[in-house]
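Descriptive structure summary
Listed below, chain by chain, are the residues.
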Amino acid sequence: MDMLEQLHNRVSTPANLLVEPAPDDAQIEEIVRAGLAAPDHAKLRPWKFIVIRGDARQALGELFTSATAKREPDMDPEKLEKQRSKPLRSPLIIAVAATITPEHPKTPEVEQILSAGSALQLMQLAATAMGFGSIWLTGPNASDNSIKAALGIAAQDELVGFLYLGTAKVTKETPERANVADHLEYWQGPV
Ligand SMILES: Cc1cc2nc3c(=O)[nH]c(=O)nc-3n(C[C@H](O)[C@H](O)[C@H](O)COP(=O)(O)O)c2cc1C
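These numbers come from a predicted model, not from an experiment.

Rules used in this analysis
Residues numbered from 1 in each chain as written. Predicted model: local features only at pLDDT ≥ 70, side-chain atom pairs only at ≥ 80, totals over all residues. Near = placed C-beta within 6 Å. Helix = DSSP H or I, 4+ residues; strand = E, 2+ residues; numbered from the N terminus. Nonpolar A, V, L, I, M, F, W, Y, C, P; charged D, E, K, R; others polar. Axes fitted to C-alpha atoms, helices over the stretch in contact; angles between N-to-C directions. Parallel < 35°, antiparallel > 145°, perpendicular 65-115°, else oblique. Contact = placed C-beta atoms within 7 Å. Expected span 1.5 Å × (residues − 1). Buried ≥ 20, exposed ≤ 12 C-beta atoms within 10 Å, placed from the backbone. Core = buried A, V, L, I, M, F, W, Y, C linked by C-beta atoms within 7 Å.

Thoughts on the site of the ligand
- Every residue near the ligand is listed here: V11, S12, I135, W136, L137, T138, G139, G161 and P175.
- Sort the elements by how many residues they give to the shell around the ligand and strand β4 (residues 133-137) lands first, with three residues.
- Class assignment for the residues of the shell around the ligand results in five nonpolar, four polar and no charged.

What follows is the structure, encoded as C-alpha cells:
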C-alpha cells in the first residue's frame, strides 16, 4: 500500500483485540522517532513518551482503580473493578505527555499540546506502517493528577493519551468516512 492509501485507510483497533507480538525495543524506538518528527513551534520538543508493558501494566491498573475510587467514591464496585484490567487489554502502552513551557513568548500551551498530539498520531501511523495495530485512548484517568504524578508527569503537563499497541487480532474494515464536502470550505473573503 502506498503512503497516501495507508493514511486514507487507517483504522484503530480496540484495545482488547491487540495481542502479542507487540513492538520490541528497536521497533519502539522507530515508533518514537516518528513522534520526534512532530511539528514543533520554537523547537521546544514538548514531548515525553513513557513505555508501559509487562507487570507495569498491572501497576497502572491498580492506579486506575484507586484514582477512580477517589474521584467517584459511589461507583458500582463491578464497574470500578473494570479499571484494574484496562491496561491489561493490550501488550504495550505508550503514554504521551506534553511537557509544557508556561508563558512561552512564541508558543502558547495549546500549541505545545497540539505538538504532543501530533507526535502521538505520527507514532500511530508509524505503527500502522510497521504492521501493528493501535488505539489512542484517554478518559478521566488521563487528566487525573495522581496518575500523572505516578507516571512522572508534572501536574502542569498534559497527558495527551495512552497509545495502546500490539498485533491486531482482527483488522477492522475501513469505516465510512465523513464527506469531504461537509468539512471543506474555500474562503473567498470575510463572511
Ligand atoms: C484525544 C483522543 C482521545 C481519545 N480517547 C478515547 C477514549 O478514551 N475511548 C475511546 O473509545 N476512544 C477514544 N478516542 C478515539 C479512538 O482513538 C479512535 O479514533 C476511535 O475509536 C475511532 O476509530 P478510528 O480511529 O478507526 O476511526 C480518542 C481519540 C482522540 C483523538
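Brief notes about the packing of helix α3 (residues 56-71) against helix α4 (residues 77-85)
- Viewed as axis vectors pointing N to C, α3 and α4 meet at an angle of 150°, and their least axial separation amounts to 6 Å. By the criterion of interaxial angle, the relationship of α3 to α4 is roughly antiparallel. The residues of α4 that touch α3, namely those facing G61, E62, F64, T65, T68 and A69, are L80, Q83, R84 and S85.
- Grouping the constituent residues of the contact of α3 with α4 by class yields three nonpolar, five polar and two charged.

Considering helix α5 (residues 109-129)
- Between its first and last C-alpha, α5 extends 30 Å over 21 residues, near the 30 Å set by a 1.5 Å rise per residue.
- Residues of α5 that are buried: Q112, S115, A116, A119, L120, M123, Q124, A126, A127 and T128.
- Contact partners of the buried residues in α5: α1 (3-9), α2 (25-35), β2 (47-53), β3 (92-98), β4 and β5 (158-168).
- In the segment just after α5, G131 is the residue with positive phi, at about 95°.

Thoughts on the nonpolar core
- By size, the foremost hydrophobic cluster in this structure holds 28 residues, and its most contacted members are V96, A97, A116, M123, L163, Y164 and L165.
- Only β3, α5 and β5 provide two or more residues apiece to this core.
- When residues of this core are assigned to their parent elements, the largest contribution, seven residues, is made by β3.

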